[in-house]
Amino acid sequence: MSARLFALAASASGLALLIAAPAMAQVVAPAEPAASVDEIVVTAQRRSENIRDVPFAVTAINTETLNAISSGGSDILALAGRVPSLHVESSNGRYAPRFYIRGLGNVDFDFNASQPVSVVLDDVVLENVYLKGFPLFDVKQVEVLRGPQGTLFGRNTPAGVVKIDTIKPGEDFTGFGSLAYGNYGSTRAEVGVTLPASDTLSVRVAGLWNHRDDWVNNAYDAPFAKKDGKDLGNFDDFAGRIHVAWTPTDRLSSLLTLQARDYEGTGTMNRANVLTKGSNKLNDNFDRDTVWYDGGRNNFQKQQTTSQSLQVAYDFGPATLTGIVGSFQGWSQGDGDIDGGVASAAATASYKTPFNSETGTLSSDLLQNTYELRLSSNGEGRLGWQVGAGSLAGKVTEEIIVTGQEPCGWAAVLGRTAFVGAQSLADVSGELHGRGPVLRHLGVAHSRCAGRAQCEQGKARQGQGHQHLDHRQAVLTAQLHADTPLARSAARPCIETHTTRTKLALPAPLGVRIKLWAAARRPLCSAGV
């Protein structure tokens, strides 16, 4: 009996030790380090702060992520795949993109169309859609700010702002270079170097070359089609930037920036009859490597832009005064087969279209000047403030060419548009800055129109729109359309020439903004005048 009790006691003691062993092991095991999140510093409110202290939704993309996105030769449209609520599209190839945030944007592809999403590059707004496609290279960070940003960024920001900050010169000699190569001859080369000249002067030089070969065949026997079967899809994009930073004292700093871009490539490729009727599904007519164009001269496009900006900041101690002056200049040219097929093709052809449609820009010139002055508090006190004013002036001059097989309809529509537009410009500015549309009858019988009255009405409105066609435009038009079926049939294309001058401000010719915030840097109130 005693032996049985002894065995039972020993078993109970062993079981207690087994149960206690894990507890003892937990006591002596070293504690794991607590998980931490790296601090992300943004300038969404025109000052450096932790992203968690910003009182609205912000997404920040760093240099490493941007390099991964761009390594395949993509442009700024690729941001749409990496940023929630952001969508970017273009009807003009690799320039003139349209931005949408939370579904709010503007589908108008005209160079003069304003958008509710603003793009800001190194504190200088890229107001015109013409400039928003400037390539991303040597970038430190991209911040996407969601929601209205008019208080700090002015007009055209009710949906948000895409803020781009490039790498600035530093005190040390640094540099990098990258080269990527892929199929279709895709090549992307990027370089950036910081060169300190003295204790107070430093220079940053950066450059980009982005290239791809033609890989799409224009299978239609057009005079401008290439014989090797590779007509479209190419691009050559060269861009460069120079930053010159000068800090003569601890309180005074300045940054001079010079930029340039030279782009040539293929615009957006339209394709006729490739969607199944009643759905958005591609059908058997779609061939990724083939198009059928009888116009548009293989959808060529060119763009050149230059810019200069100067930022000067002085630290008074309690506050810093910052002044920014920027100027952008640009020129572009292009053409496109809009119908995406051939109207004269056989009725059974998959690329048959009911009419020809071709539009292009003989020349488009841009000038944008911006001015900004702001005073903001320094330090991490419980009360912060910022006040500023800014102005923006822009001018776009375009010579647009439009061709089609319904000339009288074009005359009626464009003639009336020009007449109303001319009246509006005259009412707003006090003088007519453009010459109105220039429409020439294409020599097609009146029976092709809705009626003779429509044609006559259209012609009358053309006269009211201030008709003008000089020798230079006639020569350019003949050169541009010498090989199209429309030109070969001795028909004359429609030309619209207009100049649009806009005074864009924040939100008027002089915009003033005031911002005040309290403890924890949460906005106490904000007002824009």
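What you see is a predicted model; the values in this text were computed from it and never measured.

Below, the discussion takes up the overall build of the protein chain. A tally of regular secondary structure across the protein chain gives seven helices and 24 strands. Burial analysis of the protein chain (529 residues in total) assigns 44% to the buried set. Counting every atom, the protein chain has about 26,400 Å² of accessible surface; 58% of that belongs to carbon and sulfur.

What follows concerns the sheet that holds strand β6 (residues 117-121). Taken together, five strands build an open sheet; the order of strands is β3-β8-β9-β6-β7 and the sheet is mixed. The sheet is open, and its two borders are formed by β3 (58-62) and β7 (124-126), each paired with just one other strand. Shown here is a sheet whose adjacent strand axes are inclined to one another by a mean of 20°, direction ignored. Sheet topology note: the β3/strand β8 (residues 139-146) ladder contains five bridges and is antiparallel.

Glancing now at the pattern of salt bridges. Where side chains of opposite charge bring their charged atoms close, a pairing between them can arise. Going through the model one piece at a time under the given rule, you end up with 14 salt bridges. With a shortest N-O distance of 3.6 Å, Arg374 and Asp123 are connected by a salt bridge. Here the residue Arg374 occupies a position in strand β19 (residues 357-377), and Asp123 occupies one in the loop between β6 and β7, the gap between them amounting to 251 residues. For the pair shown, Arg374 and Asp123 are each scored as buried. A cluster of three or more residues bridged by salt bridges with shared partners is formed by Arg46, Asp123, Lys163, Asp165, Glu372 and Arg374.

Residues other than glycine seldom take positive phi values, yet Asp122 does so here, at roughly 50°. What makes Asp122 buried here is its relative accessible area of 6%. Residues other than glycine seldom take positive phi values, yet Asn298 does so here, at roughly 65°. In this structure, Asn298 sits in the loop between β16 (290-291) and β17 (300-315).

Analysis parameters
- Sequence positions are assigned chain by chain, starting from 1 and proceeding in written order.
- Under the rules for a predicted model, residues below a pLDDT of 70 receive no local features and side-chain atom pairs below 80 are neither given nor counted, while totals for whole chains, interfaces and linings still include all residues.
- Excluded from the side-chain calculations are hydrogens and water; all other atoms, namely the structure's heavy atoms, are used.
- In this description a helix means any DSSP run of H or I spanning at least four residues, a strand means any run of E spanning at least two, and both kinds are numbered starting from the N terminus.
- For every residue, the accessible area obtained with a 1.4 Å probe (protein chains only) is divided by the maximum for its type, and the residue is called buried under 20%, exposed over 50%, and partly exposed between those limits.
- Computed with a 1.4 Å probe, the accessible areas rest on the Shrake-Rupley method; for each residue, only the protein chains presented here act as cover.
- For two strands to be treated as a pair, DSSP must find no fewer than two bridges joining them.
- Helix axes are fitted only over the stretch in contact, all axes being lines through C-alpha atoms; the angle between N-to-C directions runs from 0 to 180 degrees.
- A side-chain nitrogen of Lys or Arg and a carboxyl oxygen of Asp or Glu constitute a salt bridge if their distance falls within 4 Å.

These figures come from the coordinates and say nothing about function on their own.
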